[in-house]
Protein chains: 4
Amino acid sequence: MKIGICGATGYSGRELVRILLCHPKVEIAFLSSEQFSGKPFSDVFPEFRSRMDKICQKIDSISLNEKLDLVFLALPHTVSMKMAKLFLQQNIRVIDLSGDYRLPQELYEKWYHHPHQDAQNLSKVVYGLSEIFREKIKKAQFISNPGCYPTSASLGLIPAISKGWIELEGMVIDAKSGASGAGRNPSLTMHFCEVYDNIKAYKIGVHQHTPEIEQILSVVAKKEIHLDFVPHLIPIQQGILSTMYTRLKKRVSTSEILASYLEFYKNDSFIRMLPEGVFPQTADVKGTNFCDIGLHVEERTQRLIIVSAIDNMVKGAAGQAVQNMNLMSGFPEVMALQ
Amino acid sequence: MKIGICGATGYSGRELVRILLCHPKVEIAFLSSEQFSGKPFSDVFPEFRSRMDKICQKIDSISLNEKLDLVFLALPHTVSMKMAKLFLQQNIRVIDLSGDYRLPQELYEKWYHHPHQDAQNLSKVVYGLSEIFREKIKKAQFISNPGCYPTSASLGLIPAISKGWIELEGMVIDAKSGASGAGRNPSLTMHFCEVYDNIKAYKIGVHQHTPEIEQILSVVAKKEIHLDFVPHLIPIQQGILSTMYTRLKKRVSTSEILASYLEFYKNDSFIRMLPEGVFPQTADVKGTNFCDIGLHVEERTQRLIIVSAIDNMVKGAAGQAVQNMNLMSGFPEVMALQ
Amino acid sequence: MKIGICGATGYSGRELVRILLCHPKVEIAFLSSEQFSGKPFSDVFPEFRSRMDKICQKIDSISLNEKLDLVFLALPHTVSMKMAKLFLQQNIRVIDLSGDYRLPQELYEKWYHHPHQDAQNLSKVVYGLSEIFREKIKKAQFISNPGCYPTSASLGLIPAISKGWIELEGMVIDAKSGASGAGRNPSLTMHFCEVYDNIKAYKIGVHQHTPEIEQILSVVAKKEIHLDFVPHLIPIQQGILSTMYTRLKKRVSTSEILASYLEFYKNDSFIRMLPEGVFPQTADVKGTNFCDIGLHVEERTQRLIIVSAIDNMVKGAAGQAVQNMNLMSGFPEVMALQ
Amino acid sequence: MKIGICGATGYSGRELVRILLCHPKVEIAFLSSEQFSGKPFSDVFPEFRSRMDKICQKIDSISLNEKLDLVFLALPHTVSMKMAKLFLQQNIRVIDLSGDYRLPQELYEKWYHHPHQDAQNLSKVVYGLSEIFREKIKKAQFISNPGCYPTSASLGLIPAISKGWIELEGMVIDAKSGASGAGRNPSLTMHFCEVYDNIKAYKIGVHQHTPEIEQILSVVAKKEIHLDFVPHLIPIQQGILSTMYTRLKKRVSTSEILASYLEFYKNDSFIRMLPEGVFPQTADVKGTNFCDIGLHVEERTQRLIIVSAIDNMVKGAAGQAVQNMNLMSGFPEVMALQ
């Protein structure tokens, strides 16, 4: 299968290359990069020297003569919506890793502060949270790959919502992310000396992943959900830890809920439920497509506390994108991801 | 004034030395250390070479002939309660940085899993949260210095509770701490390779600072409070960031609440309220006795979100201890802390 | 092929498991651990949950009934020499990752401060620097796997020595290593707060890798070599960067030397020579078996400066061990290492 | 005394403010910043909130009516040479922290790739390595503050050269610096994810501090010196560790050389000589004006190995600048630096 990667020289693009190099069914036909066009990919990321020396091309210079099967868009939002359209017109399947197709037009424009320019395809897209929307994904031509925070939060919350354990009001998601989540563009905020030995909350009340999380959970709950989501920047490269606070509807033990999570995810190779009293850490999922989840019922306050860990670049971006490609293409879901 | 430091070669002890070396009214009479007795303090912490070369002594070898005015106990819990007694008997004032005198006996024994052996002094101790209990501290002979997490959480929550803005039920404290909080004893958990590039939640539901936080807030609220507190270990040296989620009783703006916090802390040099839309980061308080606080009213969910940052070793331990010593001794409260 | 790993719960053991799980010809028959015996490997390293849940055994409890083909010893030095003997007696091939069989008895006892207790096998061992001693390794029953620093230094220096470009006197190796090199045992030296945001030189003049480096280079040079080697501890997890300073015998350009290095390593998949003006960084080899090498001729001083980077846990330990196993077993040299 | 700081919102500028806020003889009259003009300094560096809230000004808008005594230039090189001239014309003393006045014109133009535009003042400047050129500095109107690497290297090497212990040929300086040395301008090279968990050598053979080091040492040796200097970037914020390799002229012990260093620096409060067998680490000098130095004579190779540690922002920049200001102004040399 021939695939292309647009935006290959960002962190998500790099991760796509890393994973797809090990995929036995995939041939990488092109790598696009505006900033580094004309350079070998391995000049941009020297770790790939001798493994991926292909020249990066400007997106405009990509010949669509050679039949492509699928394109990954690892582009900044607002850029993706221009490119998705073109590939879809050529009947090339698209997996978009940006935020451009994750929200309805109105919500998009409110939270991303930008007009949407491809409403037509917005109505056709399938939201690629693999474990939850697997059957739809299998038939999709066009996938909007979930955000990193929404993946981490919704995989932790959906079983409890779905099984009716928790109140739908008053949920709190306190999430901590490594610096790669902000992308590879230089900025003072991402300067080593500003991030190292430091932690901060940011974008409280205005982070664009808030409506995305609310939307997925609302679909599952079949009821509109509003919640609080506060992201934090921590001095690590890759990883998101989300700690979620919910209220139980009735008295129940940790082990009962654990059992129902195990049941919920029994066919999902990438979800690892941790035993009672054990909680995840990002180091254990680094470089993998796993989502580790730990649970705790706090009897004193009748709360269910859920902690989930993913690698924001893998399960939170490139890994889930490849998982979706596998589903769309009839390959084993875990291919190249183990 | 002559003071002594017991447990000088832990991280809190080191910080006490660092601060007190700059204190114009204090002479350090002794530094105790069981592990490093007989060695110069500057061999244990070479940063102090030429600044503090005093020999560390075993605690038993300290002559109480020379009149001491005050002793800081930077000892592990369960050890402090043995030493506090001895010094208090000699009419030497004591500031205890351990957890031994922060809780009533019953709660102590439940959460610390250890019998309390000095119930007598437990009834005489004053809890040293400087900004809140200043007048009592001024007259105290014996101070129990607050825990790092409780300091960070209660300074953030108390004005909102005190002014009646928030519901007393359902508060959530999600706290992130640097590794120095765990002390200087080697353990696999604190091995560089286990902490670096990693984040995890720990001791969910069983952390001994939970009842301490609940107790302070209950005193302020004049009503029993139960809440959820989840600590996290992040790969930084010093610093705690606490993100607190509370429910508002009524519709109110961020700026109104900000104004009432400013009023509440108007005489407190170490509390810095951040303007609307700005949130604290631990780097800004590193090495200082400041507590930085930012607020956000989330209208969608009627929540007040409060973020506070302290240096766990300074405002969360040694700095607040010196602040308390200043209060007890009639020195300017900020002496040696600016 | 059935293999066993002794000392599986150290950092080298973990890395062996990580690599061998992907090896199509290998079945892991046992994992030994004194400290964690009776526990699943994935309890010790939760990243392996669902991938390697085998129970760790005490080394004494390992049944040698089931025919083993090869054993990796990832044990502390002085322990390895007791175990190697036993396995070799049973005609089980052994790859020892400790320092126990890297030096002649006299040098060993001088630099390791410990009597050698298996002189017999010391005379039979083959030194496993794969690229240099490949033919001997192919026929070996017993391999002493090189130290991390010696691998990094000798791969950088050998071509220049072998081709006669440089003076054999006065070489300087300034090496910087991540913290995993010190092993997983807790110690104050490896406490997060002591390593983070810090760099230091250590063991100047007394590091046990000094004679190991001198020995390899002397074999290549056919002349006794003495040099200066200074190791440094830097706050990263995995990786060694060695900067080497040598004097040129005659005027020559960087590109000439580069060409001769490329020729020297033309059949070595794991050596990547960097183009003129480009120098390696440890991030580019992290998790891989690559050794990246950059060169610079400094005309002002007539020096050849060589910089090499490896992952100390992979090419500097477990990766090279598997490379050696592949060579000994007739598998493709790169199997499971790409 | 009234001083101004040009370029106050870079890392050196910040450090100048931090130090000068504690200086009892200094009043900060203005802070200039092109990028952040119009903003309070404490908006740019929130750690200064309530301690330094002065508004940053564009350099052009600074009124020279109010009599200034001294100006610190913490500007990028090539910018400094424009400003120094203006202040000197007004008879305002200048301490320049850039590289603009550290080299003779010809060398400057060769290594900085930029024409020098103030040759006139170049001939009047005094090189501000405080311990070595103290008497000249006391009388100076215009100081060129040394580079961070040159400070670290020359303080380590000068006593050995001055006392004639070592050969002047073949010296090697292997230096490791934290990321603040590269300044605060955003760039891909300084992106957190590129620096964290990584180490690399850079600018081998072309670093502009090479001729600066050679020049100082040549002055001391009264003979032209050429040497090898390789800088490395390590993932810490502040600090330089330099490991220096020199050849001894004759057999001598570590303790003899140590004694001669102690003698050499006997009046220098900021130089701390470490005892035999002990070597410096950057953590011990962080935030201080100390330079810690350790020595080792390697008998096997007849080398003297010298390791020095400084904080690149303090002794390597702002601290030494204030030390020079103290010398120029007749204040105690250590004022505000302890």
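Keep in mind that what you see is a predicted model, and the values were worked out from it rather than measured.

Cut-offs used in this document
Residues numbered from 1 in each chain as written. Chains lettered and ligands numbered in written order. Predicted model: local features only at pLDDT ≥ 70, side-chain atom pairs only at ≥ 80, totals over all residues. Heavy atoms only, no water. Domains from an automatic or database assignment. Buried area = accessible area lost by both parts, 1.4 Å probe. Salt bridge = Lys/Arg side-chain N within 4 Å of Asp/Glu carboxyl O. Polar contact = N/O pair within 3.5 Å; in protein donor to acceptor, adjacent residues only side chain to side chain. Helix = DSSP H or I, 4+ residues; strand = E, 2+ residues; numbered from the N terminus. Contact = heavy atoms within 4.5 Å. Nonpolar A, V, L, I, M, F, W, Y, C, P; charged D, E, K, R; others polar. Buried < 20%, exposed > 50% of the residue type's maximum accessible area, 1.4 Å probe, protein only. Pairing = 2+ DSSP bridges. Axes fitted to C-alpha atoms, helices over the stretch in contact; angles between N-to-C directions. Least-squares fit on C-alpha atoms with pLDDT ≥ 70 in both. Phe/Tyr/Trp six-rings, centres within 6.5 Å; stacked < 30°, edge-to-face > 60°. Lys NZ or Arg CZ within 6 Å of the ring centre and 35° of its normal. Parallel < 35°, antiparallel > 145°, perpendicular 65-115°, else oblique. Arc of directions from axis to C-beta. Expected span 1.5 Å × (residues − 1). Bend = angle between axes of the 7 residues up to and from the residue.

## Here we look at the domain arrangement of chain A
Residues and elements named next belong to chain A.
Here comes step 1: Domain boundaries in chain A define domain 1 (2–124) and domain 2 (149–312).
Here comes step 2: When each unit is reduced to the centre of its C-alpha atoms, the spacing between domain 1 and domain 2 is 27 Å.
Here comes step 3: Its largest share of buried area at the contact with domain 2, domain 1 owes to Tyr11, Arg102 and Trp111, together 51% of the area lost on that side.
Here comes step 4: Taken together, the connections running from domain 1 to domain 2 amount to one salt bridge.
Here comes step 5: Remark: the boundary between domain 1 and domain 2 carries four residue pairs in polar contact (both at pLDDT 80 or more).
Here comes step 6: Within the residue set of the side of domain 1 that touches domain 2, elements represented by two or more residues are α1 (11–20) and α4 (105–112).
Here comes step 7: Looking at the side of domain 1 that touches domain 2 element by element, the count peaks at four residues for α1.

## Focus on the interface of chain C and chain D
Here comes step 1: Taken together, the contacts link 41 residues of chain C with 41 residues of chain D.
Here comes step 2: Interface area for chain C against chain D, summed over the two sides, is near 3500 Å², with a carbon-plus-sulfur share of 56%.
Here comes step 3: Linking chain C with chain D are eight salt bridges, by the criterion used here.
Here comes step 4: For Asp228 of chain D, the salt bridge identified is with Arg303 of chain C, shortest N-O distance 2.7 Å.
Here comes step 5: Secondary structure elements with two or more residues in the side of chain C that touches chain D: β7 (172–177), β8 (200–201), α9 (209–221), β9 (228–233), β10 (240–247), β12 (291–298) and β13 (303–310) of chain C.
Here comes step 6: Ranked by the residues each element gives to the side of chain C that touches chain D, the list is headed by β7 of chain C, at four residues.
Here comes step 7: Split by residue class, the side of chain C that touches chain D holds 18 nonpolar, 13 polar and ten charged.

## Digging into the pairing of strand β7 (residues 172–177) of chain B
All names here are of chain B.
Here comes step 1: Among the six residues of β7, six are classified as buried, and the element is accordingly described as predominantly covered.
Here comes step 2: Covered by surrounding structure in β7 are Val172, Asp174 and Lys176 together with Ile173, Ala175 and Ser177, the residues of both alternating faces.
Here comes step 3: Strand direction decides the pairing type here: β7 and strand β9 (residues 228–233), joined by six bridges, are parallel. Bridge pairing links Asp174 to Val230 in β9.
Here comes step 4: Of the pairings in the sheet, the one linking β7 to strand β10 (residues 240–247) comprises six bridges and is antiparallel in character. Considered in β10, the bridge of Asp174 is made with Thr243.

## Considerations on the sheet that holds strand β11 (residues 271–273) of chain B
All names here are of chain B.
Here comes step 1: Sheet architecture is open: seven strands sit in the order β8-β9-β7-β10-β13-β12-β11, paired in mixed fashion. A strand with exactly one partner marks an edge of an open sheet, and here the two such strands are β8 (200–201) and β11.
Here comes step 2: Against the sheet, helix α7 (residues 148–162) makes contact with β7, β9, β10, β11, β12 (291–298) and β13 (303–310), and its axis sits at roughly 35 degrees relative to β10, the strand it touches most.

## Section: the relation of the copies chain C and chain D
Here comes step 1: For the match of chain C to chain D, the screw axis carries a shift of 0.0 Å, the RMSD comes to 0.0 Å, and the turn is 180 degrees. As the rotation angle and translation indicate, the two copies are arranged about a two-fold axis.
Here comes step 2: Both copies contact each other with a shared surface, as 100% of the interface residues of chain C are interface residues in chain D too.

## Looking at the relation of the copies chain A and chain C
Here comes step 1: In screw terms, the move from chain A to chain C is a rotation of 180 degrees and a rise of 0.0 Å along the axis, fitting with an RMSD of 0.0 Å.
Here comes step 2: The share of interface residues of chain A whose copies in chain C are also at the interface is 100%, consistent with both copies meeting through the same surface.

## Overview of the packing of aromatic side chains
Here comes step 1: Following the criterion strictly, the structure yields 42 aromatic pairs over all chains and no others.
Here comes step 2: Here the aromatic residues Phe192 and Tyr196 of chain A, Phe192 and Tyr196 of chain B, Phe192 and Tyr196 of chain C together with Phe192 and Tyr196 of chain D are joined through ring pairs into a cluster of three or more.
Here comes step 3: For the cation-ring pair, Arg272 of chain C lies above Phe290 of chain C, with the distance from its terminal atom to the ring centre recorded as 3.8 Å.

## Description of the packing of helix α7 (residues 148–162) of chain D against helix α11 (residues 314–329) of chain D
Residues and elements named next belong to chain D.
Here comes step 1: Packing of α7 against α11 brings their axes to within 8 Å, and their N-to-C directions diverge by 100 degrees. One element, α7, and the other, α11, form an angle in the roughly perpendicular class. Taken together, the residues of α11 that come into contact with α7 (itself represented by Cys148, Thr151 and Leu155) are Lys315, Gly316 and Gln320.
Here comes step 2: Taken together, the residues that form the contact of α7 with α11 break down as two nonpolar, three polar and one charged.

## A closer look at helix α3 (residues 80–89) of chain B
All names here are of chain B.
Here comes step 1: Taken together, the buried positions of α3 are occupied by Ser80, Met81, Met83, Ala84, Phe87 and Leu88. For α3, the angular spread of buried residues about the axis comes to 160 degrees, placing them on one side.
Here comes step 2: Positive phi shows up at Asn91, right after α3, with a value of about 60 degrees.

## Details of helix α7 (residues 148–162) of chain A
Here comes step 1: Along its 15 residues, α7 of chain A runs 21 Å from first to last C-alpha, staying within 8% of the 21 Å computed at 1.5 Å per residue.
Here comes step 2: Within α7 of chain A, the axis deviates most sharply at Ser154 of chain A, by approximately 35 degrees.

## Brief notes about the pattern of salt bridges
Here comes step 1: Enumeration over the complete set of coordinates arrives at 64 salt bridges over all chains.
Here comes step 2: A salt bridge links Lys266 of chain B to Glu263 of chain B, with the shortest nitrogen-to-oxygen separation between them at 2.8 Å.
Here comes step 3: Glu263 of chain B gets classed as partly exposed once you look at its relative accessible area, which sits at 41%.
Here comes step 4: In the salt-bridge network here, residues are joined through shared partners; they are Asp174 and Lys176 of chain A together with Asp174 and Lys176 of chain B.

## Remarks on the side chain of Arg134 of chain B
Here comes step 1: Structurally, Arg134 of chain B can be placed in helix α6 (residues 134–138).
Here comes step 2: Not counting the four nearest positions on each side in its chain, Arg134 of chain B is found in contact with Asn267, Asp268, Leu327 and Glu333 of chain B.

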